[in-house]
Amino acid sequence: MEEKKVVLITGGARGIGRKVAEVYAKNGYDVVINYVSDKTDVEGIKKEIEKRGVKCTLVKADVSKAEEVEKMVEQAIQEFGKIDVLVNNAGITRDCLLMRMSEEDFDKVIEINLKGTYLVTKQVIKYMMKKRQGSIINLASVVGVVGNAGQCNYSASKAGIIGFTKSVAKELAARNIRANAVAPGFIETDMTNVLKDEIKENINEQIPLKRMGTAKEVAELIYFLGSEKSSYITGQVINVDGGMVM
Ligand code: NAP
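What comes next is a walk through the structure. (Residues numbered from 1 in each chain as written. Predicted model: local features only at pLDDT ≥ 70, side-chain atom pairs only at ≥ 80, totals over all residues. Heavy atoms only, no water.)

1. Some words on helix α3 (residues 66-80)
In plain terms, the rule: Only runs of H or I of at least four residues qualify as helices and only runs of E of at least two qualify as strands under DSSP, and these elements are numbered from the N terminus. What a helix should span is 1.5 Å times the count of its residues minus one. Only protein chains enter the accessibility calculation, which uses a 1.4 Å probe; a residue is then buried when its area is under 20% of its type maximum, exposed when over 50%, and partly exposed in between. The arc refers to the directions leading from the helix axis to the C-beta atoms. The contact criterion used throughout is that any non-hydrogen atoms of two residues lie within 4.5 Å.
With 15 residues, α3 should cover 21 Å at 1.5 Å per step; its first-to-last C-alpha distance of 21 Å lies within 8% of that length. Within α3 the residues assigned to the buried category are Val 69, Met 72, Val 73, Ala 76, Ile 77 and Phe 80. On an axial view of α3, the arc spanned by its buried residues comes to 130 degrees, and they lie on one face. Across α3 from its buried face, at more than 90 degrees, point the exposed residues Glu 67, Lys 71 and Gln 78. If you follow the buried residues of α3, they end up packed against β1 (6-9), β2 (30-35), β3 (56-60) and α4 (103-131).

2. Observations concerning the side chain of Gln 151
Here is the rule: Polar contacts here mean pairs of N or O atoms no more than 3.5 Å apart (in protein, one a potential hydrogen donor and the other a potential acceptor; neighbouring residues in sequence count only if both atoms are side-chain atoms).
Note that Gln 151 resides in the loop between α5 (143-146) and α6 (152-172). Exposure remark for Gln 151: the relative accessible area of 10% places this residue in the buried category. Within the structure, Gln 151 has its side chain in polar contact with the side chain of Asn 148 (distance 3.0 Å).

3. Topic: the site of the ligand
Here is the rule we go by: Near, as used in this document, describes a residue that has one of its heavy atoms within 4 Å of the molecule or strand being considered. Calculation of accessible area relied on Shrake-Rupley with a 1.4 Å probe; when residues are assessed, cover is drawn exclusively from the protein chains displayed. The residue classification treats Ala, Val, Leu, Ile, Met, Phe, Trp, Tyr, Cys and Pro as nonpolar and Asp, Glu, Lys and Arg as charged. All others, Gly included, are polar.
Among the 30 residues in the neighbourhood of the ligand, the closest are listed as Arg 14, Val 36, Asn 89, Tyr 154 and Thr 189. Between an oxygen atom of the ligand and a main-chain N or O atom of Ile 16, the distance comes to 2.8 Å. Its free accessible area being 890 Å², the ligand has 94% of it covered by the protein chains. Contributions of two or more residues to the shell around the ligand are made by α1 (15-26), β2, α6 and α7 (190-193). Considering every element that reaches the shell around the ligand, the biggest residue donor is α7, with three residues. Along the lines of polarity and charge, the residues of the shell around the ligand split into 15 nonpolar, 11 polar and four charged.

4. Describing the packing of aromatic side chains
What counts here: Whether two aromatic rings pair depends on their centres lying within 6.5 Å, for rings of Phe, Tyr and Trp, where Trp uses its six-membered ring; planes under 30 degrees apart make the pair stacked, over 60 edge-to-face, and the rest tilted.
Under the defined criterion, the tally for this structure stands at three aromatic pairs. When the centroid spacing of 5.0 Å and the interplanar angle of 70 degrees are considered together, the rings of Tyr 24 and Tyr 223 count as edge-to-face. Here Tyr 24 is found in helix α1, whereas its partner Tyr 223 is found in helix α9 (residues 215-226), with 199 residues between them in sequence. With respect to class, Tyr 24 is no different from Tyr 223; both count as buried. Ring plane angle 80 degrees and centroid distance 6.0 Å describe the contact between Tyr 29 and Tyr 223, whose orientation is recorded as edge-to-face.

5. Details of the pattern of salt bridges
Side chains that differ in charge, positive against negative, can pair when their charged atoms come close. Test applied: One side-chain nitrogen of Lys or Arg within 4 Å of one carboxyl oxygen of Asp or Glu is enough to make a salt bridge.
This model, assessed by the stated rule, comprises 13 salt bridges. Linking Glu 220 and Lys 216 is a salt bridge whose minimum nitrogen-to-oxygen distance equals 3.2 Å. Of this pair, Glu 220 and Lys 216 both sit in helix α9, four residues apart, roughly one helical turn. A residue is classified by how much of its surface remains accessible, and Glu 220, at 31% relative accessible area, is partly exposed. Salt bridges sharing common partners tie together Glu 3, Lys 82 and Asp 84.

6. Let's talk about unusual backbone geometry
The phi dihedral of Asn 176 is positive, around 65 degrees, even though this residue is not glycine. Along the polypeptide, Asn 176 turns up in the loop between α6 and β6 (177-184). According to the relative accessible area criterion, Asn 176 is partly exposed, its value standing at 47%. The phi torsion at Lys 210 lies on the positive side, around 60 degrees, for a residue other than glycine. Following the sequence through the fold, Lys 210 ends up in the loop between α8 (197-206) and α9.

These figures capture arrangement, not role.
This is the structure:
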């Protein structure tokens, strides 16, 4: 029997990350889900994913803390012996106009979104390099490409992720490890649920497809980038945004 592939998803207990876990499980991958919140229904999520006939492990770790990340990756390796696909999905917003943005809110977003991506990738590639195989998918955002008023911290973190992804792609291509970024527009999750209805209507008006995207629409692209079907694609930023940025 062919060995199962393994995916590690940071921030995989809800939103886009949760959908990514479901899509990979549906396609026969064993799944490692990272989370940080104490409220996470660890047993419920594990049961739901394992209904697909795959194994699922949940690991609590703050992706911005090097020690916790190291332990998380070690645990995944102890359990499964390898990581074939890494999805750096964990991310936060702390929106505010620059004039009023605190240093703390700037640092927090950079630490979790950008430094977190660096810390997790650095640990995981040790094992991918040994196998001379792997695919890394980083969650950027269209605002990392075009900017957005009120999100200078978030858009800087996402632009950073794009530069990071391209450098990693160049560094690791010779080892048969690919790295790509996905840049969603507005997707229906807890992150966008906080927006007022009036603002959501305004946003929908500006999207050529006239609606927000679903987590599943992002997850299917992330699955494609992790699979052999995208074996000649690396160092790219792929928008999934209903045509917002062309
Ligand atoms: P979400 O529903 O708010 O979920 C965020 C996830 O990140 C949660 O699973 C959360 O874990 C995790 N997380 C936050 N801080 C963490 C930390 N320090 N360590 C580990 N995990 C942490 O967000 P989403 O909408 O699914 O977004 C997922 C990714 O897509 C993010 O990188 C986001 O920037 C990007 N994105 C989203 C949109 C959108 O419109 N939704 C657009 C562009 C890009 P817990 O569940 O444990 O709290």
